[in-house]
Amino acid sequence: MVIVGAGQSGLQVAESLRSEGYDGPILLVGDEPCLPYHRPPLSKAYLAGEADEAQLTIRAPAALAKKQIECVTGVSVVAIDREARAVHLSDGRTQAYAGLVLATGSRARPLPVPGADLAGVFALRTLDDTRRIATALEAARTVVVIGGGFIGLEFAAVAAKQGKQVTVLEAADRLMARVVAPPVSDFYARLHRDHGVAVELGAQVAGLDGVAGRVSAVSTADGRRFAADLVIVGIGIVPNTELAEAAGLTCERGIVVDECARTTDTQIVASGDCTARRLPGGALLRLESVQNAVEQGKSAAAALMGRERPFAAAPWFWSDQYDVKLQMVGLSAGYDEVVIRGEVEARRFSVFYFRAGALIAIDAINEAGVHMLGRKLLDKGHRLAPEQARDPHFELASALT
Ligand SMILES: Cc1cc2nc3c(=O)[nH]c(=O)nc-3n(C[C@H](O)[C@H](O)[C@H](O)COP(=O)(O)OP(=O)(O)OC[C@H]3O[C@@H](n4cnc5c(N)ncnc54)[C@H](O)[C@@H]3O)c2cc1C
């Protein structure tokens, strides 16, 4: 079995192949110079200096050796020959496969404006990015974050806590607009402003200026100019589908897979950030999360063993900013009613999303219990009516029975 991409999902497929009973050789090929690592701390504890590099490694070399998983690092797969069932590696090797896994992840979306390539402008995706950013942040005084999504806001929180002068430029009229309802966006804008961050909404970046090749300011389309000696670009990701596309696999916003992580080639599965899952109704679902990387990885391993293990659980995700933990479950797109429960001022509340009276998602803010309950409610298809969610005396757990 050959796995392309030694990230969260690739490693999961390798380990799940073993737990599914596969005892043949497993080759995990990764183009980064290190063993698979946890990315979430890159914009949280690791960036803040609260976790060291050793804690990022998902599995120690000895554990991989014990499971007889061979991991080659610093080597990329450059082509797939589906007819010969072989992959070509950047070190000149050709490796035959019985089953192939594409777990190539994603990369940061580049900022398409002049000056985006100046020194001092960073994307935050890899361990290497974070090392360079942490060094630059030490020396920086004025920081501009382009993009008010999770990664940009988590970075802003770390930088603000270090006493930097931080400005967040968001093109939309509210933060995290793609995934949360306005009350959650407003809460986060207030939270950041309370920590001294300037949150500029409707700020479309037009270009970056530099002095002697280093960034010095960011300009917006409405003519404003923000001084910056460090700029972080967090405007989304691009799935790494090029290998799959060149091999003729169906790709549309990602490598298209079914609920069992199967591609259009019976010998090839795909999992994690690089995929777009075809839902029963025909729509494509792209998820960028640890849960998706892990669960789809398990499905992919089962599929290679000829078994069906559909990934059907409600999606969940989390984000840490200051002392606030946001935990999301479900997909809120298409909601027609929102119920807020809890104490917004005390920074402990949850937002319940409904569509046609049915619960579809919950954003829990510093309410881990509600999040866990929401996962059970959504996974088991229990009903919770909007008026029950709205009633502070209604015991949420009773909806589980
Ligand atoms: C800063 C940051 C914070 C995050 N925070 C959260 C969070 O709080 N919660 C959450 O759920 N998710 C979070 N995520 C998202 C989560 O980390 C990803 O969804 C997850 O890592 C996806 O795993 P993956 O294995 O699909 O991709 P990746 O982890 O990207 O791994 C893919 C690997 O494949 C390699 N590769 C690509 N092409 C090739 C090739 N041709 N040959 C060899 N190797 C190749 C890539 O270089 C990479 O190492 C965060 C991500 C980032 C960057």
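All of these numbers come straight from a predicted model, not from anything done at the bench.

### A closer look at the packing of aromatic side chains
At step 1: A full pass over the atoms with the stated rule returns six aromatic pairs.
At step 2: Within the aromatic cluster, the residues linked to one another by ring pairs are Phe150, Trp316, Phe317 and Trp318.

### Considering the UniProt feature "domain: Reductase C-terminal" (unreviewed entry) in the chain
At step 1: Mapped onto the present numbering, the UniProt feature "domain: Reductase C-terminal" (unreviewed entry) falls at residues 316-399.
At step 2: Secondary structure within residues 316-399 divides into 21% helix and 43% strand; the distance between the first and last C-alpha atoms comes to 20 Å.

### As for the sheet that holds strand E21 (residues 284-285)
At step 1: A sheet is described by the order of its strands in space; here three strands give the open sequence E18-E20-E21, paired in mixed fashion. Lying at the two open borders of the sheet, with one neighbouring strand each, are strand E18 (255-257) and E21.

### Things to note about the packing of helix H1 (residues 8-19) against helix H8 (residues 290-304)
At step 1: In the contact formed by H1 and H8, the axes pass within 8 Å of each other and the chain directions differ by 40 degrees. With respect to their mutual orientation, H1 and H8 come out oblique. Every pair of crossing elements has a handedness; the one defined by H1 and H8 is right-handed. Where H1 approaches H8, its residues Gln8, Ser9, Gln12, Val13, Ser16 and Leu17 are matched on the opposing element by Val290, Ala293, Val294, Gly297, Lys298, Ala300, Ala301 and Leu304.
At step 2: Classifying every residue of the contact of H1 with H8 by side-chain character gives eight nonpolar, five polar and one charged.

### Observations concerning the sheet that holds strand E11 (residues 165-170)
At step 1: The parallel open sheet is built from five strands, whose spatial order is E9-E16-E10-E11-E12. The open sheet is flanked by strand E9 (121-123) and strand E12 (198-201), the only strands paired with a single partner. Each neighbouring strand pair of the sheet contributes to a mean axis angle of 20 degrees, computed without reference to strand direction.
At step 2: Strands strand E10 (142-146), E11 and strand E16 (230-233) of the sheet are contacted by helix H5 (residues 150-161), whose axis makes an angle of about 165 degrees with E11.

### With respect to the site of the ligand
At step 1: Close to the ligand lie 33 residues; Asp31, Glu32, Lys44, Arg125 and Asp273 are nearest.
At step 2: Here an oxygen atom of the ligand sits 2.7 Å away from a polar atom, N or O, in the side chain of arginine 125.
At step 3: Contacts to the ligand include valine 290, whose backbone N or O atom sits 2.9 Å from an oxygen atom.
At step 4: Burial of the ligand by the protein amounts to 94% of the accessible area it has alone, namely 1000 Å².
At step 5: Sorting the residues of the shell around the ligand by element identifies H1, H8 and strand E22 (316-321) as the ones contributing at least two each.
At step 6: Taken together, the residues of the shell around the ligand break down into 14 nonpolar, 12 polar and seven charged.
At step 7: Both domains that meet at the shell around the ligand, namely domain 1 (2-107 + 237-304) and domain 2 (110-233), each give it at least three residues.

What counts as what
- Residues numbered from 1 in each chain as written.
- Predicted model: local features only at pLDDT ≥ 70, side-chain atom pairs only at ≥ 80, totals over all residues.
- Heavy atoms only, no water.
- Phe/Tyr/Trp six-rings, centres within 6.5 Å; stacked < 30°, edge-to-face > 60°.
- UniProt positions renumbered as here; feature names shortened; annotations may be inferred.
- Helix = DSSP H or I, 4+ residues; strand = E, 2+ residues; numbered from the N terminus.
- Pairing = 2+ DSSP bridges.
- Axes fitted to C-alpha atoms, helices over the stretch in contact; angles between N-to-C directions.
- Parallel < 35°, antiparallel > 145°, perpendicular 65-115°, else oblique.
- Left-handed = near helix turned anticlockwise from the far one by under 90°.
- Contact = heavy atoms within 4.5 Å.
- Nonpolar A, V, L, I, M, F, W, Y, C, P; charged D, E, K, R; others polar.
- Near = heavy atom within 4 Å.
- Polar contact = N/O pair within 3.5 Å; in protein donor to acceptor, adjacent residues only side chain to side chain.
- Areas by Shrake-Rupley, 256 points an atom, 1.4 Å probe, with all protein chains shown as cover.
- Domains from an automatic or database assignment.

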